[in-house]
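Structure at a glance
Chain by chain, the residues run as shown.
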Amino acid sequence: MTESSTGAPGLLLHTREGRPYRFDPGALCLELLPTGGHARYTRYEVLHTPGDLVRWAGESRLPDGLSPTVSAQELARAHELRAALWSLTADRAHGRALSPSDLAVVNAVAAEPPLVPRIDPGSGALAMAPDATGTALLSTVARDAVELFTGPYADRIRECGADNCKLLFADTSRPGRRRWCAMEHCGNLHKVRAHRARRTPKEG
């Protein structure tokens, strides 16, 4: 699991100005989305090589030490899975019907054998069996998506409330009132704008 010095889970992202902030999408499958995507999101692409997918696995909320062997074909499959997850998550967040073709992609990837969990002999912590493959990694991601879309947080899949932010997340907080991708990013920008608006004299 990727964590900050305070123990908070999530991915380390950067604003357009280069400032880092931590984004917790609430689920493993949603951690794949910020790596890029189709259509207008291709400019954010970071999964250019099989090694990039291996690096993503190490930065995700999966147990530390995972270093799967990934082929070019598995990288292409990761792009296909990510595109399907982008569409499904956005449709769910906006109350639209889920695409059967996108669901078919997720279900097909989930049908493959997943990563095998085990107890680490040295630390007693959760680990994954060695010799993992990209196919097993993607199957684990797809199975996480199946659990998310059919589980208790399916109705809490949301898009960031900022007008210019399209990050998607599952609100796993107890109150269920999360609005922003990250309070330290879009949440704070909203607070600043609201404060300025209150201080600006109304015309007329």
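Residues numbered from 1 in each chain as written. Predicted model: local features only at pLDDT ≥ 70, side-chain atom pairs only at ≥ 80, totals over all residues. Heavy atoms only, no water.

Remarks on the overall build of the protein
Short version of the rule: Only DSSP runs of H or I reaching four residues or more are called helices, and only runs of E reaching two or more are called strands; each is numbered from the N terminus. In this description, accessible areas are obtained by the Shrake-Rupley approach with a 1.4 Å probe, and a residue is regarded as covered only by the protein chains that are shown.
A count of helices and strands for the protein gives 6 helices and 6 strands. Ordering the α and β elements of the protein from the N terminus gives β-β-α-α-α-α-β-β-α-β-β-α. Just so you have it, the protein exposes about 11,500 Å², and 53% of that area is on carbon and sulfur atoms.

Here's the deal with the environment of Val105
Just so we agree on the cut-off: With a 1.4 Å probe rolled over the protein chains alone, any residue whose accessible area is under 20% of its type maximum counts as buried; one over 50% counts as exposed, and the rest are partly exposed. Contact definition: two residues touch when any of their heavy atoms are within 4.5 Å.
With respect to the secondary-structure elements, Val105 resides in helix H4 (residues 100–110). Look at Val105 and you get buried, because its relative accessible area is 15%. Each C-alpha atom of the pair Val105 and Leu81 lies 6.4 Å from the other, and the pair is 24 residues apart in sequence. With near-sequence residues (within four places) excluded, Val105 lies in contact with Arg77, Glu80, Leu81 and Ala84.

Thoughts on the environment of Cys29
Checked against the element boundaries, Cys29 lands in helix H1 (residues 28–31). You can call Cys29 buried: its relative accessible area is 0%. For Cys29 and Thr89, which are 60 residues apart along the polypeptide, the C-alpha to C-alpha distance reads 10.0 Å. Residue contacts for Cys29: discarding those within four places in its chain leaves Leu85, Val141, Asp144, Ala145 and Leu148.

Considerations on the packing of aromatic side chains
Each aromatic ring pair is specified by the distance between its two centres and by the angle formed by the two planes. This is how it is decided: Side-chain rings of Phe, Tyr and Trp, where Trp is taken by its six-membered ring, are said to pair if the distance between their centres is within 6.5 Å; with planes under 30 degrees apart they count as stacked, over 60 as edge-to-face, and otherwise as tilted. Definition used: whenever NZ (Lys) or CZ (Arg) falls within 6 Å of the ring centre and also within 35 degrees of the ring normal, the charge is taken to sit over that ring.
Evaluation of the coordinates by the stated rule reveals 0 aromatic pairs. Lying over the aromatic face of Phe169, Arg178 brings its terminal NZ or CZ to 4.0 Å of the ring centre.

Considerations on the pattern of salt bridges
How we decide: Salt-bridge detection follows one rule: a side-chain nitrogen of Lys or Arg within 4 Å of a carboxyl oxygen of Asp or Glu.
As enumerated under the stated definition, the model contains 10 salt bridges in all. One salt bridge connects Asp155 with Arg92, and the closest N-O pair in it is separated by 2.7 Å. Taken together, the residues span a long stretch of sequence, with Asp155 in the loop between helix H5 (134–150) and strand E5 (157–159) and Arg92 in helix H3 (residues 72–93) at a distance of 63 residues. Through salt bridges that share partners, Asp24, Glu31 and Arg61 make up one connected network.

Some remarks on the packing of H4 against H5
How two helices sit against one another is set out by the angle between their axes and by the gap between those axes. We apply this condition: Working convention: axes come from line fits to C-alpha atoms, limited for helices to the stretch in contact. Angles between N-to-C directions cover 0 to 180 degrees. Working rule for angles: under 35 degrees goes down as roughly parallel, over 145 as roughly antiparallel, 65 to 115 as roughly perpendicular, anything else as oblique. Crossings are assigned a handedness: left-handed for a near helix turned anticlockwise from the far helix by less than a right angle, right-handed for a clockwise turn. Residue classes follow a fixed rule: Ala, Val, Leu, Ile, Met, Phe, Trp, Tyr, Cys and Pro count as nonpolar, while Asp, Glu, Lys and Arg count as charged, and any other residue, Gly among them, counts as polar.
Two elements in contact, H4 and H5, have axes whose closest approach is 7 Å; the angle formed by their N-to-C orientations is 125 degrees. The orientation of H4 relative to H5 falls into the category oblique. In this structure, the crossing between H4 and H5 has a hand that is left-handed. Where H4 abuts H5, its residues Val106, Asn107, Val109 and Ala110 lie against Leu138, Ser139, Ala142, Arg143, Ala145 and Val146. For the contact of H4 with H5, the residue count by class is 7 nonpolar, 2 polar and 1 charged.

Observations regarding the confidence of the model for the protein
As a reminder of what qualifies: Per-residue confidence from the predictor is reported as pLDDT, which spans 0 to 100.
Residues at a pLDDT of 70 or more form 85% of the protein, whose mean pLDDT is 87. Here residues 1–6 is a poorly scored stretch, pLDDT under 50, and it has 18 contacts once near neighbours within four places are set aside; other chains count.

Digging into the nonpolar core
For soluble globular proteins, nonpolar side chains are generally found buried alongside one another. So the rule is basically this: Nonpolar core, defined: a set of buried Ala, Val, Leu, Ile, Met, Phe, Trp, Tyr and Cys residues in which side-chain atoms within 4.5 Å join the residues together.
Of all hydrophobic cores here, the largest spans 40 residues; its most connected members are Leu53, Trp56, Leu81 and Leu85. For this core, the elements supplying multiple residues, two or more each, are H1, helix H2 (50–59), H3, H4, H5 and strand E6 (168–170). Among residues more than four places away in sequence, those in contact with Trp56 are Leu28, Glu31, Leu32, Thr35, Leu47, Leu137 and Val141.

Notes on H3
Put simply, the rule reads: A helix is expected to reach a length of 1.5 Å times the quantity of its residues less one.
Helix length check: H3, at 22 residues, gives a terminal C-alpha distance of 31 Å against a target of 32 Å (1.5 Å per residue), a fit within 8%. Those residues of H3 not exposed but buried are Glu74, Leu75, Ala78, Leu81, Arg82, Ala84, Leu85, Trp86, Leu88, Thr89, Ala90 and Asp91. Looking at the packing, one finds that the buried side of H3 touches H1, H2, H4, H5, E5 and E6. With its phi angle positive at about 75 degrees, Gly95 sits one or two positions after the end of H3.

As for the side chain of Thr35
The following threshold applies: Two N or O atoms count as a polar contact when they lie within 3.5 Å, although within protein this holds only if one can serve as hydrogen donor and the other as acceptor, and sequence-adjacent residues are included solely when both atoms are side-chain atoms.
Examined against the element boundaries, Thr35 turns out to sit in the loop between H1 and H2. Residue classification places Thr35 among the buried residues on the basis of a relative accessible area of 5%. At a separation of 2.6 Å, a polar atom in the side chain of Thr35 contacts the main-chain carbonyl oxygen of Leu32. Within the local environment of Thr35, its side chain forms a polar contact with the side chain of Arg82, the two groups lying 2.9 Å apart.

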